[in-house]
Each structure stands twice: as C-alpha cells, then as structure tokens.
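Remarks on the overall topology
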Amino acid sequence: MNQENDITVDMLLAAYDNLSKKMSIHRFRNFANHLRNHELNLNQFSILVNILRNGACSSIQLAHHLKLKAASITYLVDSLEKRKLVKRINNPEDGRSHLINLTDAGREVAYYNSDNKDAAKFFEWLNLDDKELLYVAMRILNRKLPDESEIV
C-alpha cells in the first residue's frame, strides 16, 4: 500500500468500535428476548443463575449476593416457585430453614449461553472466504496482543 492508502490506527479502532457496538447490541437483544420469552425480570434471572453457579442456597445468601432485601427475595422466589423453576428443600444443616434449588426447567432457563448462540448467528452471514480471513486476523491479534496479566 502506498502512504495515502495505509490503514491508520484510527481506522482500525473505528472498525473495532463499530463491530463491538453491533455485537453488543445483538447480544443484548438476544438476552432481552430470552428474558421476555420466559417472562422473567432481571432479578428473577439473577436468582436462577446464582443457584446454577453456586448450588442450592438460602434466601439470606441470595439477598446478600444480589444486594436485595429479604422480602424482595421471598417475593421473587415465590414467583419462580409458582412457575416451577425453583423449589424449596429442607436445609440438611438446619431443619428450621429451607434452601432454594433449581428444578430441571429452571436449570434450562438459567443456562443461557449467549456467547455461542449469538456468535453463531452473527457469523452465519459470512461466506467461507470471509470466515477464513477473519479467523486468521483474530489469531494474529491473539498471538500479538499481551495477556491480561502482562498489561500494566
């Protein structure tokens, strides 16, 4: 390339910024659709994901983790229990209390892997040549850029 046609850092940053915005919007819309399709609000989904990641837990643990009041957790868990997404089980360490656990249906709803679903949809518009070119470019960037631990 001659100097007039050289790709500048600003051009690379603009292309990256535009791509990041498009992918973020796409991922956000898919996540919003997932919540809407399962008639969940963000707090309800957060409860499901917390239990998926950490296992059965008490209302107090959920309240602490999500920074919500105990009454709010009770209301949210009640709504999830009515929909058979969670169930209360006896706490083996304290017979006076319950733990909240996922049902199979709750596990399916909580396991929302946006990265793979969104990426597959996002890249399906590329032809094979474009995919190969993008793959090579991403491998070069991955190889050349420092790891997180190396960034000061």
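Right, let's walk through the structure included here. (Residues numbered from 1 in each chain as written. Predicted model: local features only at pLDDT ≥ 70, side-chain atom pairs only at ≥ 80, totals over all residues. Heavy atoms only, no water.)

1. So, the pattern of salt bridges
- In the structure shown here, the tally under the stated rule is 5 salt bridges.
- In this structure, the salt-bridge partner of Asp17 is Lys21, at a minimum N-O distance of 3.2 Å. Placement of both Asp17 and Lys21 in helix 1 (residues 9-37) is noted, with a separation of 4 residues, approximately one turn of the helix.
- Between Asp104 and Arg107 there is a salt bridge, with its nearest N and O atoms 3.1 Å apart. Note that Asp104 and Arg107 are positioned in helix 5 (residues 104-110) at a spacing of 3 residues, about one turn of the helix.
- Owing to a relative accessible area of 59%, Asp104 belongs among the exposed residues under this scheme. (Salt bridge = Lys/Arg side-chain N within 4 Å of Asp/Glu carboxyl O. Helix = DSSP H or I, 4+ residues; strand = E, 2+ residues; numbered from the N terminus. Buried < 20%, exposed > 50% of the residue type's maximum accessible area, 1.4 Å probe, protein only.)

2. Some words on the nonpolar core
- Formed by 22 residues in total, the largest nonpolar core has its most connected members in Leu40, Ile47, Leu48, Ile51, Leu62 and Val86.
- Mapped by element, the contributors of at least two residues to this core are helix 2 (42-54), helix 3 (59-66), helix 4 (70-82), strand 2 (94-102) and helix 5.
- Looking at which element gives the most residues to this core, the answer is helix 2, with 5 residues.
- Those residues in contact with Leu62 that lie beyond four places of it in its chain are Ile47, Asn50, Ile51, Cys57, Lys67, Ile73, Val77 and Ile100. (Core = buried A, V, L, I, M, F, W, Y, C linked by side-chain atoms within 4.5 Å. Contact = heavy atoms within 4.5 Å.)

3. Quick word on the packing of helix 2 against helix 3
- Interhelical geometry of helix 2 versus helix 3 gives an angle of 115 degrees and a closest axis separation of 11 Å. Judged by the angle between their axes, helix 2 and helix 3 are roughly perpendicular. Judged by the twist between their axes, the crossing of helix 2 over helix 3 is right-handed. Contact residues: helix 2 offers Asn43, Ser46, Ile47, Asn50 and Ile51, while helix 3 offers Leu62, His65 and Leu66. (Axes fitted to C-alpha atoms, helices over the stretch in contact; angles between N-to-C directions. Parallel < 35°, antiparallel > 145°, perpendicular 65-115°, else oblique. Left-handed = near helix turned anticlockwise from the far one by under 90°.)

4. Overview of helix 2
- Counted at 1.5 Å a residue, the expected span for helix 2 with its 13 residues is 18 Å, and the 18 Å between its end C-alpha atoms agrees.
- Of the residues making up helix 2, those classed as buried are Gln44, Phe45, Ile47, Leu48, Val49, Asn50 and Ile51.
- On its buried face, helix 2 is in contact with helix 1, helix 3, helix 4, strand 1 (86-91), strand 2 and helix 5.
- Near the N-terminus of helix 2, the side chain that reaches the backbone nitrogen of Asn43, with its oxygen 3.0 Å away, is that of Asn41. (Expected span 1.5 Å × (residues − 1). Polar contact = N/O pair within 3.5 Å; in protein donor to acceptor, adjacent residues only side chain to side chain.)

5. Describing unusual backbone geometry
- At Glu39, a position not held by glycine, the phi torsion is positive, near 50 degrees.
- Along the chain, the position of Glu39 falls in the loop between helix 1 and helix 2.
- Backbone geometry at Lys84 places phi at a positive 60 degrees, although glycine is not the residue there.
- Inspection of the secondary structure assignment puts Lys84 in the loop between helix 4 and strand 1.

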